[in-house]
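So you can see what is in the structure, the chains are spelled out below.
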Amino acid sequence: MKRREFLATGAATLGTAIAGCASGEGLGYDIAMVSNAFVPGNTSPVPEDAPEWVPSEDPTLEVRIGDTIIWENTDSRIHTVTAATVDHEEAEAMLGTDEGDEGHHETGPTLPSAGTFFASGDFDDELTAVESFFENVSGGGAIPPGKQYAHTFHTPGWYHYYCIPHETAGMMGNVHVLDV
Ligand SMILES: [Cu+2]
């Protein structure tokens, strides 16, 4: 086909790569994992009434209850998807990033409720996820290049997540699950 037609088709394909409907069509994922960043297919601004701990500068994907988000590692290095919790300060101490990190939150991130933690590797909590990454327990939650991680959100609210080895480089993002 002609180059112009090809470009038009490419744009249409990109347009379908939004949360909740990406599976099996378009790019096949909602959030790309690139060098030191999460890149959602589309981002929403963080409103002023969001909790104080939600970093407004991080890319924010808005979804609805029951939506599944698919992250894909489109990079050549490994990454993780790890939700930040009330234990985040302790996790940063383990990561050695607790000093000089302006990105996080005097109050500490809190998930909408207990049982809503998520992480590649399916660990039970944030500290276990970080520990397992460094001790390489069952792969440590690392997502190799070309692989995906998916999570379905059942509880409305704000979620903040990061990549364990690249948080200091600013590899962080937010998910806002709308109550609809
Ligand atoms: Cu990373």
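This structure is a prediction, so every number in the text was calculated from the model and none was measured.

(A) The overall build of the protein, seen in detail. Across its full length, the protein holds three helices and eight strands. Taken from the N to the C terminus, the helices and strands of the protein come in the order α-β-β-β-β-β-α-α-β-β-β. Burial statistics for the protein: of 180 residues in total, 45% are counted as buried. Carbon together with sulfur atoms contributes 49% to the accessible area of the protein, which is approximately 9200 Å² in total.

(B) A look at the packing of helix H2 (residues 88-95) against helix H3 (residues 126-135). Taken N-terminus to C-terminus, the directions of H2 and H3 make an angle of 15°; their axes are 9 Å apart at the nearest point. One element, H2, and the other, H3, form an angle in the roughly parallel class. For the element pair H2 and H3, the recorded crossing hand is right-handed. Listed contacts from H3 to His 88, Glu 90, Ala 91, Met 94 and Leu 95 of H2 are Glu 126, Leu 127, Val 130, Glu 131 and Phe 134.

(C) Region of interest: the sheet that holds strand E3 (residues 60-64). One open sheet holds the four strands; their spatial order is E3-E8-E7-E5, and the pairing between them is mixed. Because the sheet does not close on itself, it has two edges, and the strands there are E3 and strand E5 (82-83). By the bridge criterion, six bridges tie strand E7 (residues 157-162) to strand E8 (residues 172-178) in an arrangement that is antiparallel. Bridge pairing in E8 links His 160 to Asn 174.

(D) The arrangement of the packing of aromatic side chains in detail. Counting across every chain of the model gives nine aromatic pairs. One aromatic cluster is present, formed by Phe 38, Trp 71, Phe 118, Tyr 149, Phe 153, Tyr 159 and Tyr 161 through successive ring pairs.

(E) The side chain of Asp 58, seen in detail. Considering the arrangement of structural elements, one finds Asp 58 in the loop between strand E2 (37-40) and E3. If we skip the residues at most four places from it in the chain, Asp 58 touches His 160, Met 172, Gly 173 and Asn 174.

(F) Spatial organisation of the coordination of the copper ion. Protein-derived coordination of the copper ion comes from His 79 (ND1), Cys 163 (SG), His 166 (ND1) and Met 171 (SD), at a distance range of 1.9 to 2.7 Å. Angles of 90 to 132° at the metal separate the four donor atoms of the copper ion, which places the site in the tetrahedral class. Motif for the copper ion, donor spacing along one chain: H-x83-C-x2-H-x4-M. The pair formed by Cys 163 and His 166 is uniform in burial state, with each residue classed as buried.

(G) Quick look at the environment of Gly 170. Positionally, Gly 170 belongs in the loop between E7 and E8. In the structure, Gly 170 is positioned 134 residues away from Asn 36 in sequence and 6.4 Å away in space, judged by C-alpha atoms.

Definitions and cut-offs
- Residues numbered from 1 in each chain as written.
- Predicted model: local features only at pLDDT ≥ 70, side-chain atom pairs only at ≥ 80, totals over all residues.
- Heavy atoms only, no water.
- Helix = DSSP H or I, 4+ residues; strand = E, 2+ residues; numbered from the N terminus.
- Buried < 20%, exposed > 50% of the residue type's maximum accessible area, 1.4 Å probe, protein only.
- Areas by Shrake-Rupley, 256 points an atom, 1.4 Å probe, with all protein chains shown as cover.
- Axes fitted to C-alpha atoms, helices over the stretch in contact; angles between N-to-C directions.
- Parallel < 35°, antiparallel > 145°, perpendicular 65-115°, else oblique.
- Left-handed = near helix turned anticlockwise from the far one by under 90°.
- Contact = heavy atoms within 4.5 Å.
- Pairing = 2+ DSSP bridges.
- Phe/Tyr/Trp six-rings, centres within 6.5 Å; stacked < 30°, edge-to-face > 60°.
- Donors = N, O, S within 2.8 Å, 3.2 Å for Na, K, Ca; no water.
- Tetrahedral: all angles 85-135°; square planar, octahedral: opposite > 155°, others 65-115°.

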